[in-house]
Amino acid sequence: MSNTRQWPTEDCTRVPNWVYSDPENYQQELEKIFYGPFWSFVGLECEIPNAGDIKRSQVGERSVLMTRDEAGDINVILNSCAHRAAEVCQKKFDNSTALMCPYHQWTYDLKGNLTGVPFRRGQKGAGGYPKEFDLKQHGMRKLRVESVNGAVFATFDENALPLKEYMGEDVYTRFTRVFDGRKIKVIGYQRQRIKANWKLYPENMKDSYHATLLHVFLISFGLYRMDQEGLLFHDERTRANNVVASTATAKDKLAGKEEMISFKDSYALLDMRQVAPVKEFNDDITIQNITLFPAVTMQQQQNLLQFRNVVPIGPNEFDLQWTFFGYEDDDDEMTLRRTRLANLTGSSGYISVDDTEVFEFSRNGMLPNNDRNCVLEMGGYDTETPTKGDMVSESAIRGFYEFYRKIMYSE
Ligand SMILES: [Fe+2]
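Analysis parameters
- Residues numbered from 1 in each chain as written.
- Predicted model: local features only at pLDDT ≥ 70, side-chain atom pairs only at ≥ 80, totals over all residues.
- Heavy atoms only, no water.
- Buried < 20%, exposed > 50% of the residue type's maximum accessible area, 1.4 Å probe, protein only.
- Helix = DSSP H or I, 4+ residues; strand = E, 2+ residues; numbered from the N terminus.
- Pairing = 2+ DSSP bridges.
- Core = buried A, V, L, I, M, F, W, Y, C linked by side-chain atoms within 4.5 Å.
- Domains from an automatic or database assignment.
- Contact = heavy atoms within 4.5 Å.
- Donors = N, O, S within 2.8 Å, 3.2 Å for Na, K, Ca; no water.

### Some remarks on the pairing of strand 4 (residues 62-68)
Along any regular strand, the residues point their side chains to alternate faces of the sheet. The buried fraction of strand 4 amounts to six of the seven residues, a majority that puts the element mostly inside the structure. Taken together, the six bridges between strand 3 (residues 53-59) and strand 4 define a ladder with antiparallel strand orientation. Bridging from a neighbouring strand, Arg56 pairs with Leu65 of strand 4. Relative to strand 5 (residues 74-78), strand 4 runs antiparallel, the two sharing five bridges. Bridge pairing in strand 5 links Thr67 to Asn75. The antiparallel hairpin formed by strand 4 and strand 5 contains five residues in its connecting segment, where Gly72 sits at a positive phi of about 90 degrees.

Quick look at the structure:
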């Protein structure tokens, strides 16, 4: 961190605006967070069901390949040739018996081991690699991989905790409520580029305060009320992995609506199937947002199941990758229901389109005002670990920044 950049307070009730745009700070985030001892979501096992299947994914700004090898194992490999660093695979999905770099045709197996180098012995006794050149020393870089019942995560750092321990018990329990061992199937994808700092996204998913104030759709059609019972779990180790959940869909329109300027009493939905969920899990939780440090969220909103993966592109832009999924044994009606509910989110979703717009407002308000700070005092000044909380709290965002500061600024 440059000396001119100081955090204004001891605690995280203030977050300085420069944290969202400073290029040097951003480079350190890549090194210490995205390429450090933390897990990034790279895909679902069901996306690569067959031997030879390859999915191109990302960890931070680095392209990686998730592959299924002949033994059925899943590998995640840095998508960069060990020879001259070229990206080996350009396709989003592929199937092949090997990975071959297009530049000089160095060839690797599906685990990233180098198996062939053209003209290794030269030509007619001239050129080629020295005799002692050892293919084993020149494989592609391999990441550590773990899967939670079909959700695949990878890390560059051998020192990362095992994934379950990394998530923390409460968060793992909530995660495996959805990833409970049943086979998953993908329903669809969306991608969007948002002109704002990547951290605004995990913040937003931890931010129950804004839900009824920003999202006209949610409140106008009674999908969410601030007086619903809220659940807030943190992992006890970091407080940076969180579950923000709420129970029971409101039957009436909103209580306390006079406080919400965006509430539109006259709005009605012509097609109620857009918001017609059925009870699916063995509890009353209708919305469950799990955010895993650094930047992936897994959400259940009624029967809508999705990952939202944040891929940073410089300090002022990120890609948001949506993966909508269900279970392999869903009947057609359930798949159609999940698909209809997917209108709520995604790049132009009835709800999430508001967030996209506001992220850019945040960027516009932050960028020229780096001497100012954001205020995060909602829900008190806790530094301990609340495991339950009301929904009017910014505690989960403070938790994120407390952990963030430990990683970023303590040697
Ligand atoms: Fe939102």
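### So, the nonpolar core
Core analysis: the biggest nonpolar cluster contains 86 residues, and Phe153, Phe175, Phe179, Phe307 and Tyr401 have the highest contact counts within it. The element contributing the most residues to this core is helix 9 (residues 395-409), with seven residues. Here this core gathers at least three residues from each of two domains, domain 1 (40-146) and domain 2 (168-409). Not counting the four nearest positions on each side in its chain, Phe153 is found in contact with Trp39, Ser40, Phe41, Val42, Arg144, Val145, Glu146, Leu163, Met167, Phe175, Leu292 and Val296.

### Considering the coordination of the iron ion
Under perfect tetrahedral coordination by four donors, a metal shows angles of 109.5 degrees; under perfect octahedral coordination by six donors, it shows angles of 90 or 180 degrees. Protein-derived ligands of the iron ion are His210 (NE2), His215 (NE2), Asp355 (OD) and Asp355 (OD), with the metal-ligand distances lying across 2.0 to 2.5 Å. Read in sequence order, the donor residues coordinating the iron ion give the pattern H-x4-H-x139-D. Taken as a pair, His215 in the loop between helix 5 (211-214) and helix 6 (216-220) and Asp355 in helix 8 (residues 352-366) lie far apart in primary sequence, 140 residues in all. Its relative accessible area of 2% is what places His215 among the buried residues. Asp355 sits in the buried class, given a relative accessible area of 4%.

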